[in-house]
Amino acid sequence: MSSYPYLKLDHIDKVFVRGSTETEVLKDITLGIEKGEYVSIIGHSGCGKSTLLNIIAGLLPVTTGGVLLENREVNDPGPDRAVVFQNHSLLPWLTVYGNVRLAVDKVFSGVKSRADRHAWTLHNLDLVQMTHAKDKRPAEISGGMKQRVGLARALAMEPKVLLLDEPFGALDALTRAHLQDSVMAIHGKLNNTVLMITHDVDEAVLLSDRIVMMTNGPSARIGEVLDVPLARPRKRLQVAADATYLKCRQRVLEFLYERHHFVEAA
Amino acid sequence: MNMPVRKTEAVIALPPTAAKILPLPPKRSAWTSRLMARLAAIAAHVVPPIVVLALILAIWEVLCRKAGATLPPPSRVLSETWELIVDPFFDRGGIDKGLYWHMSASLQRVAFGYALASVVGVALGTLVGQSTWAMRGLDPIFQVLRTVPPLAWLPLSLAAFRNGQPSAIFVIFITAIWPVIINTAVGIRNIPQDYRNVAKVLRLNHAEFFFKIMVPAAAPYIFTGLRIGIGLSWLAIVAAEMLIGGVGIGFFIWDAWNSSHISEIILALIYVGLVGFVLDRIVAAAASIVTRGTAAS
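The rules behind these values
Residues numbered from 1 in each chain as written. Chains lettered and ligands numbered in written order. Predicted model: local features only at pLDDT ≥ 70, side-chain atom pairs only at ≥ 80, totals over all residues. Heavy atoms only, no water. Pairing = 2+ DSSP bridges. Helix = DSSP H or I, 4+ residues; strand = E, 2+ residues; numbered from the N terminus. Contact = heavy atoms within 4.5 Å. Axes fitted to C-alpha atoms, helices over the stretch in contact; angles between N-to-C directions. Polar contact = N/O pair within 3.5 Å; in protein donor to acceptor, adjacent residues only side chain to side chain. Buried area = accessible area lost by both parts, 1.4 Å probe. Salt bridge = Lys/Arg side-chain N within 4 Å of Asp/Glu carboxyl O. pLDDT = per-residue confidence, 0-100. Domains from an automatic or database assignment. Nonpolar A, V, L, I, M, F, W, Y, C, P; charged D, E, K, R; others polar. Parallel < 35°, antiparallel > 145°, perpendicular 65-115°, else oblique. Left-handed = near helix turned anticlockwise from the far one by under 90°. Disulfide = S-S within 2.5 Å. Buried < 20%, exposed > 50% of the residue type's maximum accessible area, 1.4 Å probe, protein only.

### Focus: the sheet that holds strand 5 (residues 72-73) of chain A
All names here are of chain A. On the basis of which strands lie adjacent, the open sheet formed by 4 strands has the order 2-1-4-5 and antiparallel pairing. Sheet topology places strand 2 (21-33) and strand 5 at the edges, where each strand pairs with a single neighbour. Bridge count between strand 1 (residues 7-18) and strand 2: 9 bridges; the pairing is antiparallel. The partner of Val 17 across the bridge, within strand 2, is Glu 22. Running at roughly 115 degrees to strand 1, helix 1 (residues 49-57) makes contact with strand 1, strand 2 and strand 4 (64-69) of the sheet.

Laid out in structure tokens, this is it:
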């Protein structure tokens, strides 16, 4: 076994400079994530959790520190860290199939044959149960479906780490629950390494192996890391009454609303 | 269509002689009624312009029938230009040709100038939209140059090319290029950051980014520019041809004026208007095919 974590965030600081004003958004973020682990980052809005995800994705540069994937530094975006964006970010001129196929064609251009790429695209649409709408355009499907396609596109890249940026944030509660179940099922099947940004306590506890709680910005830090020792596969209804679940939920709530309550919201 | 089939049971119960036969409106089949609905919809769009056109022609006829009228009434326009209308293909050498030849000469110049303007305009617009430095450097110059009237370029291009044909094409080019550049640049600048992020995660190279993200994302803007451009091109060609002479609808009009064939001028104007309308429709149709899906994001 390796002595280093699969994905390592090593003393990351992030300072935004606008004109002469400097804003320190993230301060000394250090975290290790193991292969196959599902880790959530939770915090109030504005605490820089999306900034952190963008740094891991390579879409933003770090100020100091670094991101190491399999002990190698990554500082530009790539399909090994596929992102499911909060607002789906599907290309409206491509069909559902076309959106996933674009990613498949790009990532597996020299590796898979045309027929294989076609089959792989369909396979991933099937994984998120979107095969029925493969010829529709994003404007013709619902928000939950768009998010499923976004997930299929990310999964199709066979990323080493799947980055989810509040993927269910814009959905209604029922659709959200449905999609969470899908993500759990896919994670159970493929055992992906997942890093998810969220501000939903129940979502974090239900889905994660570990929950990283961030303090309020500016200069947000990791306040606490909580293990969620619930056996998988987890069933929403059973877990809801489980003592461990309730204890974890309580811990996160305490952190967010007692020790680090959101000042601006008061 | 015999009655008993359609009549209700009540009729069957009565003796046939006592039955009072009500004249029911003949039942139309679904197909016929749909056809009627379609025809009614088409008529609703076609009838109003025909009525207005007829009114305009009637007023024109009345006004220009009077003695001392300077312009011919529509009836005389038709009789005087009948030969030109029925035979657009004659060719007696020089500039004594049918209207088809004049139109096609003008359209060819527009096609060359406009095609050139489209390609160069989209390229320059992309540059200005993508690069902040290119925008800072080029945009002020574009903003000044685009206000120069098309015909003001003609003497300069005649001096440079020393030939009417390339000069006319250049005037079309310089007329059509500004809206293409400006709209393309706006379209490129408005590409959502999300699409750029997707491209980065997928590691699309420059060519892939251009063809798979930029062009489709900016297509609605680009086509707005192209549509304005084709309209301006057609406006400019008539004026430019009046000055350069030779075969072309512009010089045809000028020549008709010099020979006092007012009816021919009117006919040419109608043709210019119709062709301009068709050109605009063609670009609009191309736009709606290419940008389908994009606009409804």
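### Thoughts on the side chain of A:Ser208
Residue and element names in this part refer to chain A. Looking at the secondary structure, you find Ser 208 in the loop between helix 6 (201-207) and strand 9 (210-214). Separated by 2.5 Å, the side chain of Ser 208 and the backbone oxygen of Ala 204 make a polar contact. Ignoring any residue separated from it by four or fewer positions in sequence, one finds Ser 208 in contact with Tyr 38, Ser 40, Val 228, Arg 232 and Arg 234.

### Some words on the interface of chain A and chain B
Between chain A and chain B, the contact holds 23 residues from the first and 20 residues from the second. The contact between chain A and chain B buries some 1,900 Å² in all, and 67% of this surface belongs to carbon and sulfur atoms. Run the count over chain A and chain B and you get 2 salt bridges. Here A:Asp76 and B:Arg203 are joined by a salt bridge, their closest N and O atoms 3.9 Å apart.

### What about the confidence of the model for chain B?
Residue and element names in this part refer to chain B. For chain B, per-residue confidence averages 88 on the pLDDT scale, and 90% of positions sit at 70 or higher. For residues 1-5, every residue scores under 50 in pLDDT, and the model assigns this stretch 4 contacts once sequence neighbours within four places are set aside. Long-range and interchain partners of residues 7-11, a stretch whose pLDDT sits below 50, account for 2 contacts in this model, where long-range means more than four residues apart. Here the complex is predicted with pTM 0.76, and the ipTM for its interfaces comes to 0.87.

### Considering the domain arrangement of chain A
Residues and elements named next belong to chain A. For chain A, the domain assignment lists domain 1 (1-80 + 161-266) and domain 2 (90-158). The centre of domain 1, based on its C-alpha atoms, is set 25 Å off from the matching centre of domain 2. For the pairing of domain 1 and domain 2, the buried interface totals around 1,000 Å² over both sides, and the portion due to carbon and sulfur atoms is 75%. One can count 0 salt bridges joining domain 1 with domain 2. If you list the elements that add at least two residues to the side of domain 1 that touches domain 2, you get strand 7 (161-165) and helix 5 (173-190). If you tally residues by element for the side of domain 1 that touches domain 2, the top one is helix 5, at 8 residues. Of the residues that constitute the side of domain 1 that touches domain 2, the class distribution is 9 nonpolar, 4 polar and 1 charged.

### Some points on the packing of helix 5 (residues 99-130) of chain B against helix 10 (residues 206-244) of chain B
All names here are of chain B. At a minimum axis separation of 7 Å, helix 5 and helix 10 run at an interaxial angle of 140 degrees. Of the possible angle classes, the one that applies to helix 5 and helix 10 is oblique. At the point where helix 5 passes helix 10, the crossing takes the right-handed sense.

### What about the environment of A:Arg232?
Residues and elements named next belong to chain A. Within the element layout of this structure, Arg 232 appears in the loop between strand 10 (222-227) and helix 7 (236-240). For Arg 232 and Ile 42, which are 190 residues apart along the polypeptide, the C-alpha to C-alpha distance reads 21 Å. With residues up to four places along the chain from it excluded, the contact list for Arg 232 reads Tyr 38, His 187, Leu 207, Ser 208 and Asp 209. A distance of 2.6 Å separates the side chain of Arg 232 from the backbone oxygen of Leu 207, its partner in a polar contact.

### What to know about the state of the cysteines
Residues and elements named next belong to chain A. Within the structure shown, the criterion is met by 0 disulfides over all chains. Counting only cysteine sulfurs, Cys 47 is the nearest neighbor of Cys 248, a cysteine outside any disulfide, at a range of 20 Å. Residue class for Cys 248 comes out buried when judged on its relative accessible area of 5%.

### Here's the deal with the packing of helix 5 of chain B against helix 11 (residues 249-258) of chain B
Residue and element names in this part refer to chain B. Between helix 5 and helix 11, the shortest axis-to-axis distance is 7 Å and the interhelical angle comes to 130 degrees. The orientation of helix 5 with respect to helix 11, classified from their angle, is oblique. Between helix 5 and helix 11, the contacting residues are Leu 99, His 102, Met 103 and Ser 106 on the first element and Ile 249, Gly 250 and Phe 252 on the second. Residues belonging to the contact of helix 5 with helix 11 are distributed by class as follows: 4 nonpolar, 3 polar and no charged.

### Considering the pairing of strand 3 (residues 38-42) of chain A
All names here are of chain A. Within strand 3, 5 of the 5 residues are buried, which leaves it mostly tucked inside the rest of the structure. Residues Tyr 38, Ser 40 and Ile 42 point to one face of strand 3 and Val 39 and Ile 41 to the other, with burial holding for every one of them. Taken together, the 5 bridges between strand 3 and strand 8 (residues 193-198) define a ladder with parallel strand orientation. If you follow Ile 42 over to strand 8, its bridge partner there is Thr 198. In this structure, strand 3 lies alongside strand 9, joined through 4 bridges in parallel fashion. Paired with Val 39 across the strands is Arg 210, a residue of strand 9.

### Some remarks on the pairing of strand 1 of chain A
Residues and elements named next belong to chain A. Connecting strand 1 to the next strand, strand 2, in antiparallel fashion are 2 residues, including Gly 19 with a positive phi near 65 degrees. Pairing of strand 1 with strand 4 involves 5 bridges; the strand directions are antiparallel. Following the sheet pairing, Lys 8 is matched in strand 4 by Leu 68.

### Some words on the sheet that holds strand 7 of chain A
Residue and element names in this part refer to chain A. Strand order in the open sheet formed by 6 strands is 6-7-8-3-9-10, with mixed pairing between adjacent strands. Taken across any chain shown, the strands that pair with only one partner, and hence form the sheet edges, are strand 6 (81-84) and strand 10. Sheet twist, expressed as the average angle between the axes of neighbouring strands with direction ignored, equals 20 degrees. Where strand 6 lies against strand 7, 4 bridges are found, and the strand directions are parallel. Across the sheet, residue Ala 82 finds its bridge partner in strand 7, namely Leu 162. Relative to the sheet, helix 4 (residues 143-156) contacts strand 6 and strand 7, its axis offset from that of strand 6 by approximately 175 degrees.

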